[in-house]
Each structure stands twice: as structure tokens, then as C-alpha cells.
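As a plain string of letters, each chain reads:
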Amino acid sequence: MFSTRQHALGAALSGLVLALGASTAGAQDSPFTNKKTAECFSCHAMDPAQLGAPRHPPPKIAGQDADYLAGALLDYRDAQRNHYLMNSPASMIPEDALRALTEYVEGISADQLPRRALPVSDPAARARGAQLAADRCGVCHTTENTGSAGSGIPSLNGQYAAYILVTLQDYRLGVRRDAAMQDAAAALNDRQMADLAVFYESLTGLLPARP
Ligand code: HEC
Ligand code: HEC
């Protein structure tokens, strides 16, 4: 099963070079047909249930803050942030195409992507997570559907719990580096991390496209 997945991902990667190289100003109605992002969404709109048992699914990126997306892509390109599936796609984006790409991705709304029914979450965990989020995270990660709290701060609304959990662990370990987030993660125990992940996944999102 793992090798099948590797094959699919390998094909996605090799197609990416072509997709990014071709600049067409044609119909850009769907993230799956848009030349800039078709290969991105072959991974980023995958159904997590079909992935076997990876460490975490490719995170949702549609609707995400454009400045955050650009920063993340530059971090992967420069190996400041590392993942065996993302460093390569990030390094293939021409510098002068980055802004248009991230603004397009920010503008994608949830209804342009397949809807995936998430498993029913644990209501008690969700309630604990909601309280923690309000106390410790909301100052930076707003849960309001009006945009991110500031440029460069990612929306967590509706993000996969498995991705959030691994990411918090990565900050705690220092595998992923950001001063504010390493402090926030260091103050959380395992159960709090899991509760927060359940809470954020239960929200609608990511944030919808802004006008
Ligand atoms: C082969 C699969 C694959 C392809 C193709 C791919 N990605 Fe990714 N992407 C991933 C995975 C897996 C992660 C999570 C990596 C991690 O944990 O750091 C990720 C992470 C990201 C992130 C960080 C998201 C966050 O919330 O921090 C961004 C931004 C991103 N990808 C954008 C893109 C864009 C834009 C493209 C197309 C140019 C693309 N990706 C192509 C698999 C892929
Ligand atoms: C002082 C502001 C601040 C606070 C407080 C904060 N964060 Fe963050 N968070 C950020 C910034 C900035 C980033 C982007 C860092 C980076 O690029 O790695 C981030 C990134 C993240 C990410 C990665 C998102 C992604 O798409 O990869 C997660 C998950 C996260 N924060 C969860 C939390 C949780 C849970 C809390 C509360 C316990 C919290 N944050 C508190 C500022 C903050």
C-alpha cells in the first residue's frame, strides 16, 4: 500500500514541473484545472481516509492567508522547513510566480473542493479545546470567519486534527521552528494538544475567501 501511494505522489511531483512551466491565461475556474495549482491539489485535496496510515495528511491550504502560504513555501524552498513531499514542489515555483500563486490559493473557497465528512469528534474534547483556544491561541489565531488575525498567521479553522497535532509536536520538539509557536507548544501537554486539534478541526474553514 505504501509503495502505491509513493507512486501516486511521484507522478504528482513529476507533473508539477510541466504544470508550473506552462503559463496559460485560460479559464481558472477550478484549483484542479488551474495550471498553477493542478498538481498542488492532487495532494492537497486528497482524501485523508485513502492515504493508508501516513504521519499526517497534506494540510488544507485553500483559503489560507496568502502571506503565510508564501512564507511557508519559501521556508520549504530554503530548507528552513522540511518535508520529503513539499521541499521539491516549493523549489519549482518561480520566484516571480509566488505572489500570484498564493493569492489564487487564498481566494479558493471551500465549495470549489470536495467535501469530506469528518468523523464525529469527541464533544468533551472539543469543549476543552475550545476553552484552551480562547485562552491561549485566539489572540493570534482568530476563529472568526472574517480573515486571519494578521498577515502571516495561519488559519486553523477546519484544518485536519492529525496535521495540527503533529505540527504542535514538531514545534515542541523544535523540528519546526517559530519562536511564538515553540513557546505556545512548550506550555501544552499531550492531551491539551489533542483537544485543541479536535476543536480546530470541528470549525468551518479554512477561512473563506475574502472579498
Ligand atoms: C506530493 C504531494 C504534494 C504536492 C505535489 C504539494 N504538496 Fe504542499 N504539502 C504536502 C505535505 C505532505 C505537506 C505537509 C508538510 C509538513 O508537514 O511540513 C504540505 C505542506 C504545504 C504547505 C504548508 C501548509 C501549512 O499549513 O503550513 C503549503 C503552503 C503547501 N504545501 C503548498 C503547496 C503548493 C502551493 C503546491 C503546488 C505548487 C504543493 N504544496 C504541492 C504535499 C504536497
Ligand atoms: C503570539 C501569536 C501566536 C500564539 C499565541 C499562537 N500561535 Fe500558532 N502560530 C503563530 C504563527 C506566527 C504561526 C506560523 C509559524 C510558522 O510559520 O511556522 C503559527 C502556526 C501555528 C500552527 C501551524 C499551522 C500550519 O498550517 O502549519 C499551528 C497548528 C498553531 N499555530 C497552533 C496554535 C495553537 C494550538 C495555539 C494555542 C495553544 C497557538 N498556535 C498560539 C502565532 C501564534
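Above this text is the structure in question.
Engineer: Which parts of the structure should I look at to understand the site of ligand 1?
Structural biologist: Residues in contact with ligand 1 amount to 22 residues; listed here are only the nearest, Cys 40, Cys 43, Pro 58, His 83 and Pro 89. For the shell around ligand 1, the secondary structure elements donating two or more residues are helix H1 (2–21), helix H2 (38–44) and helix H3 (66–77). Of the residues assigned to the shell around ligand 1, the class counts are 18 nonpolar, two polar and two charged.

Engineer: I tried to follow helix H7 (residues 161–173) on my own but got confused; where do I start?
Structural biologist: Quick reminder: α-helices carry 3.6 residues per turn. Residues three or four places apart thus point the same way. Between the first and last C-alpha of H7 there are 18 Å, a value that for 13 residues agrees with the 18 Å anticipated at 1.5 Å per step. All of the buried residues in H7 are Ala 161, Tyr 163, Ile 164, Val 166, Thr 167, Leu 168 and Tyr 171. Looking at the residues trailing H7, positive phi occurs at Gly 174, about 80°.

Engineer: Please clarify how the site of ligand 2 should be interpreted in this entry.
Structural biologist: As a matter of local geometry, ligand 2 sits amid 21 residues, with Cys 137, Cys 140, Asp 178, Ala 180 and Ala 184 nearest to it. If you list the elements that add at least two residues to the shell around ligand 2, you get helix H6 (123–137), H7 and helix H8 (179–186). Class assignment for the residues of the shell around ligand 2 results in 14 nonpolar, four polar and three charged.

Engineer: Would you explain the packing of H3 against helix H5 (residues 98–106) in this entry?
Structural biologist: When two helices pack together, you describe them by how their axes are tilted relative to each other and by the distance separating the axes. Across the interface, H3 lies against H5 with an axial gap of 8 Å and an inter-helix angle of 130°. Overall, the two elements H3 and H5 adopt an arrangement that is oblique. Like other packed secondary-structure pairs, H3 and H5 cross with a definite hand, here right-handed. On H5, the residues touching Ala 66, Leu 69, Ala 70 and Leu 73 of H3 are Leu 98, Arg 99, Thr 102, Glu 103, Val 105 and Glu 106. A per-class count over the contact of H3 with H5 returns six nonpolar, one polar and three charged.

About the criteria used
- The residue numbering used here restarts from 1 in each chain and proceeds along that chain's sequence as written.
- Each chain is given a letter, starting from A, and each ligand a number, starting from 1, according to the order in which they appear as written.
- In view of the model being predicted, local features appear only for residues whose pLDDT reaches at least 70, and side-chain atom pairs are presented and counted only at 80 or more, with totals across whole chains, interfaces and linings using the full set of residues.
- Think of it this way: take the backbone, place a C-beta atom on it, and check whether that atom is within 6 Å of the molecule or strand, in which case the residue is near it.
- The helix and strand labels rest on DSSP assignments: H or I over at least four residues marks a helix, E over at least two residues marks a strand, and numbering proceeds from the N terminus.
- Residues were grouped as follows: Ala, Val, Leu, Ile, Met, Phe, Trp, Tyr, Cys and Pro as nonpolar; Asp, Glu, Lys and Arg as charged; and all remaining residues, including Gly, as polar.
- Here the expected length of a helix is defined as 1.5 Å per residue gap, with one fewer gap than residues.
- Any residue whose C-beta has 12 or fewer other C-beta atoms within 10 Å is treated as exposed, any with 20 or more as buried, and any in between as partly exposed, C-beta atoms being built from the backbone.
- Only the contacting stretch of a helix is used when fitting its axis, a line to C-alpha atoms as for every element, and angles between N-to-C directions run 0 to 180 degrees.
- Any angle that falls under 35 degrees is termed roughly parallel, while one over 145 is termed roughly antiparallel, one within 65 to 115 roughly perpendicular, and all others oblique.
- In a left-handed crossing the near helix is turned counterclockwise from the far helix by less than a right angle, and in a right-handed crossing that turn is clockwise.
- Working definition of a contact: two residues with C-beta atoms, positioned from the backbone, lying within 7 Å.

Any link to function would need more than the numbers given here.
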